[in-house]
Amino acid sequence: MANSLPTEFDVIVMGTGLPESILAAACSRSGQRVLHLDSKSYYGGNWASFSFPGLLSWLKEHRQNSDTGEESPAAWQDMIHETEEAIPLCKKDETIQHAEVFCYASQGMDGNIEELDALQKNPSCVASSTLIKPLNSACLSEETHSSHVTSYEVPTQDTPKNNEEITDTAETSVKEEYCGYNTYKHTVSDGTKDEIKPALEDNSVPPKRKRITYSQIVKEGRRFNIDLSSKLLYSQGLLIDLLIKSNVSRYAEFKNVTRILAFREGKVEQVPCSRADVFNSKELSMVEKRMLMKFLTFCLDYEQHPEEYQAFTQCSFSEYLKTKKLTPSLQHFILHSIAMMSESSCNTVDGLKATKNFLQCLGRFGNTPFLFPLYGQGEIPQCFCRMCAVFGGIYCLRHKVQCLVVDRESGRCKAIIDHLGQRINAKYFIVEDSYLSEETCSSVQYKQISRAVLITDQSVLKTDSDQQISILTVPPVEPGAHAVRITELCSSTMTCMKDTYLVHLTCSSSKTAREDLESVVKKLFTPYSETEVDQEELPKPELLWALYFNMRDSSGVSRSSYSGLPSNVYVCTGPDCGLGSEHAVKQAETLFHEIFPSEEFCPPPPNPEDIFFDSDEKPAEPLGTNNIIMAKLESSEGSKNLESSGKQFQN
């Protein structure tokens, strides 16, 4: 197929992350000839989602990629003319580092499950009381116990559930490539084959705590969709608006985040958000309820009352809250769970803006401000790729680009040369940051994001329903440290198997991901126990499996930091540490207007009924007049728009 590619395009996009995919869709929608390439075998880059065996294969592939030396360069130098020069691109993705895998669950009754074939090391501190043995780089023949460690000091690549060719072989590779656990045996029910059903079950009699084994996780591995980047969608955010405007929302389905949680004094509590939640809360006194309602009502139109905060503009938001006669619990809720800030991370104005944004997003689709896409965040970039393809974009995965070809006289990029030696010309080039070489990025200072992905057996805050989607912020313990954001997903999100929860932890890095996040994991979860204890008495959910890794955050890098880039080469960054995807949408729109200043960014698609051929006499009506929300929201309030933000918080 690659040999039959056209050699002339208007725009070539390298990388299928969210901003690149939005840009590709916008360019294709405006009538440009778009070629969208990715050197990986899946869509999304660091925005991708993976099945469980796909994630293991992703780790293994990157370890092998790190162990092998760099490939010898293909003979592309002969294709560079005397009046041209080449800018080589990076051959390896180095955006993921310090990946460490821990398995706490027992193997179960299936003795054939094999664990990750990789360099193993025994960490000095593992949250388990059982014996830990280091795994060999080849398959183990000896028995190991309940905690197992896999460590990588390498970049990562991914193998998503959406790539059928990869996932078809992934489950086989789990047994072929992953060395065996032989641990304490437990009798496990056969209920893991049941369908994942969003409907709530009868919880009048609390069910006994089920024992989940590693063999079950592998067997049901295709039910997992594990995000590399943990994000939510603000219901009044830029991404939701773009999905609706462009009608890309018809390619995806969403669920409401059902709970906002807080971690205070060692306990997890639910935060009241809407007016009904505030007055139904049993955690707040009547006085606190009125104080909270009064402050939230003020935040909705704080700009109209500058006298209330002008004297505190140079203070932190936490200091400002102390002056409002709020109780410590209310200050904690507002700072960490509504504004989602830490003690010293923002000033008063930023805190008020964040609180107002939170409140304005309430009520549009549910009783929290957030939505989550079914099957994971990796669906969103693919939705925009589908739009690009509908309007004529050409896609090639597993297609590496060796270099950019630059005209010496004009200083503009004129072509790329791919791994097959084919030269493809274009007017504009959009490149994801990880494709650029070390020489190009020599002056760039990157930040890092610490990430953890956990599989647990219960929610951090049990309720009558076991289908809760929750977000929790754990404030930092030490001054200057970063708050940890936790997203807990249930099986009805189609991201994990039945009777388990998928938990994402995210914070800005100060050390390795494990060093940053392990203390929070220990506060909220108990490592899987082999001992026969009364499971109903365990105060915390059991931790079955964990992955820690650091991800590059290039969101704050300016274009001037890159060395020697031609003026018609535009750089997109990877995921940032924020909860939403506002930065990616803003970046895509900004770059699009730089390239095509007179074009509309992702306009509504034409209504088929409004399309007329030359033989038709009836004039077409204005486009987009019948544009509706196509996202299918599984919420009783899913079809209700936000009538008036102020009405939510008026006494």
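Refer to the structure printed above.
Residues numbered from 1 in each chain as written. Predicted model: local features only at pLDDT ≥ 70, side-chain atom pairs only at ≥ 80, totals over all residues. Heavy atoms only, no water.

K.L.:
Would you take a moment to explain helix α5 (residues 238-246) for this structure?
P.N.:
Since one α-helical turn is 3.6 residues long, residues separated by three or four positions face the same way. Those residues of α5 lying buried are Leu239, Ile240, Leu242, Leu243, Ile244 and Ser246. Packed against the buried residues of α5 are α1 (18-29), β10 (233-234), β11 (253-256), β14 (370-373), α11 (379-390) and α13 (582-595). Two residues or fewer after α5 comes asparagine 247, characterised by a positive phi angle close to 65°. (Buried < 20%, exposed > 50% of the residue type's maximum accessible area, 1.4 Å probe, protein only. Helix = DSSP H or I, 4+ residues; strand = E, 2+ residues; numbered from the N terminus. Contact = heavy atoms within 4.5 Å.)

K.L.:
What's the story with unusual backbone geometry in this structure? I'm lost.
P.N.:
You will see that histidine 98, though not glycine, has its phi angle at about 55°, which is positive. On the secondary structure map, histidine 98 appears in strand β5 (residues 96-103). One non-glycine residue, methionine 494, lies in positive phi territory at about 60°. Here methionine 494 shows up in the loop between β22 (484-489) and β23 (501-508).

K.L.:
Can you walk me through the packing of helix α7 (residues 286-300) against helix α9 (residues 328-338) in this structure?
P.N.:
To describe two helices that pack against each other, one gives the angle between their axes and the distance between the axes. Contact pair α7 / α9: the axes reach a minimum separation of 10 Å and the direction vectors enclose 40°. As the angle between them shows, α7 and α9 are arranged oblique. Seen along the crossing, α7 lies across α9 with a hand that is right-handed. Where α7 abuts α9, its residues Glu288, Met291, Leu292, Phe295 and Leu296 lie against Ser329, Leu330, Ile334 and Ile338. Within the contact of α7 with α9, the residues separate by chemical class into seven nonpolar, one polar and one charged. (Axes fitted to C-alpha atoms, helices over the stretch in contact; angles between N-to-C directions. Parallel < 35°, antiparallel > 145°, perpendicular 65-115°, else oblique. Left-handed = near helix turned anticlockwise from the far one by under 90°. Nonpolar A, V, L, I, M, F, W, Y, C, P; charged D, E, K, R; others polar.)

K.L.:
Teacher, can you tell me more about the side chain of arginine 259 here?
P.N.:
Structurally, arginine 259 can be placed in strand β12 (residues 259-264). A polar contact is formed between the side chain of arginine 259 and the backbone oxygen of leucine 461, at a distance of 2.7 Å. Ignoring sequence-local partners within four residues, the contact set of arginine 259 consists of Gln270, Thr368, Ser459, Leu461, Thr463, Gln468, Ile469, Ser470, Ile471 and Glu488. (Polar contact = N/O pair within 3.5 Å; in protein donor to acceptor, adjacent residues only side chain to side chain.)

K.L.:
Looking at this structure, I do not really get the sheet that holds strand β1 (residues 11-14). What am I missing?
P.N.:
Picture the strands of a sheet paired through backbone hydrogen bonds; they go either parallel or antiparallel. On the basis of which strands lie adjacent, the open sheet formed by five strands has the order β15-β2-β1-β19-β26 and parallel pairing. Bordering the open sheet on either side are β15 (394-396) and β26 (569-572), each of which pairs with just one other strand. Sheet twist, expressed as the average angle between the axes of neighbouring strands with direction ignored, equals 15°. Here strand β2 (residues 34-37) runs beside β15; their pairing, made up of three bridges, is parallel. Counted as the bridge partner of leucine 35 is isoleucine 394 from β15. (Pairing = 2+ DSSP bridges.)

K.L.:
Mind showing me how you'd approach the pattern of salt bridges here?
P.N.:
Opposite charge on two side chains permits them to pair, given that their charged atoms come into close proximity. Tallying each qualifying case throughout the model produces 19 salt bridges. Glutamate 100 is the partner of arginine 514 in a salt bridge, and the nearest nitrogen-oxygen pair spans 3.4 Å. Of this pair, arginine 514 sits in helix α12 (residues 513-524) while glutamate 100 sits in strand β5; the two residues are 414 residues apart in sequence, bridging distant segments of the chain. Look at arginine 514 and you get buried, because its relative accessible area is 11%. Note that glutamate 265 is salt-bridged to arginine 264, the shortest N-O span being 3.6 Å. Residue glutamate 265 is classed as exposed on the basis of its relative accessible area of 68%. The class of arginine 264 is buried, set by a relative accessible area of 18%. One connected set of salt bridges, linked through shared partners, spans Asp10, Arg33 and Lys427. (Salt bridge = Lys/Arg side-chain N within 4 Å of Asp/Glu carboxyl O.)

K.L.:
Looking at this model, I keep getting lost on the packing of aromatic side chains. Mind explaining?
P.N.:
Each aromatic ring pair is described using two quantities: the centre-to-centre distance and the angle formed by the ring planes. For the coordinates displayed, the defined rule picks out 18 aromatic pairs. Considering the side-chain rings of phenylalanine 52 and tyrosine 214, the 6.1 Å spacing of their centres and the 75° angle between planes classify their relative orientation as edge-to-face. Of this pair, phenylalanine 52 sits in helix α2 (residues 52-67) while tyrosine 214 is found in helix α4 (residues 214-219), placing the two residues 162 residues apart along the sequence. The burial state of phenylalanine 52 is the same as that of tyrosine 214; both residues are buried. Judged by centre distance (5.7 Å) and plane angle (55°), the rings of phenylalanine 592 and phenylalanine 596 are tilted. Per residue, the accessibility class of phenylalanine 592 equals that of phenylalanine 596, and both read buried. In this structure an aromatic cluster arises from ring pairing among Tyr42, Phe50, Trp58 and Phe549. Sitting over the ring of tyrosine 446, arginine 552 keeps its end group 4.1 Å from the ring centre. Over the face of the ring belonging to tyrosine 570 we find arginine 559, whose NZ or CZ atom lies 5.9 Å from the ring centre. (Phe/Tyr/Trp six-rings, centres within 6.5 Å; stacked < 30°, edge-to-face > 60°. Lys NZ or Arg CZ within 6 Å of the ring centre and 35° of its normal.)

K.L.:
Is there a simple way to think about the nonpolar core in this case?
P.N.:
If you look at soluble globular proteins, the nonpolar side chains tend to sit buried side by side. Formed by 101 residues in total, the largest nonpolar core has its most connected members in Phe52, Phe295, Phe317, Leu505, Trp545 and Leu547. The biggest single contributor to this core is strand β25 (residues 542-553), with eight residues. Look past the residues within four positions of phenylalanine 52 in its chain and what remains in contact with it is Tyr214, Ile217, Val218, Gly221, Phe224, Ile226, Ile455 and Trp545. Of all hydrophobic cores here, the second largest spans 42 residues; its members include Leu242, Leu243, Leu371 and Leu591. (Core = buried A, V, L, I, M, F, W, Y, C linked by side-chain atoms within 4.5 Å.)

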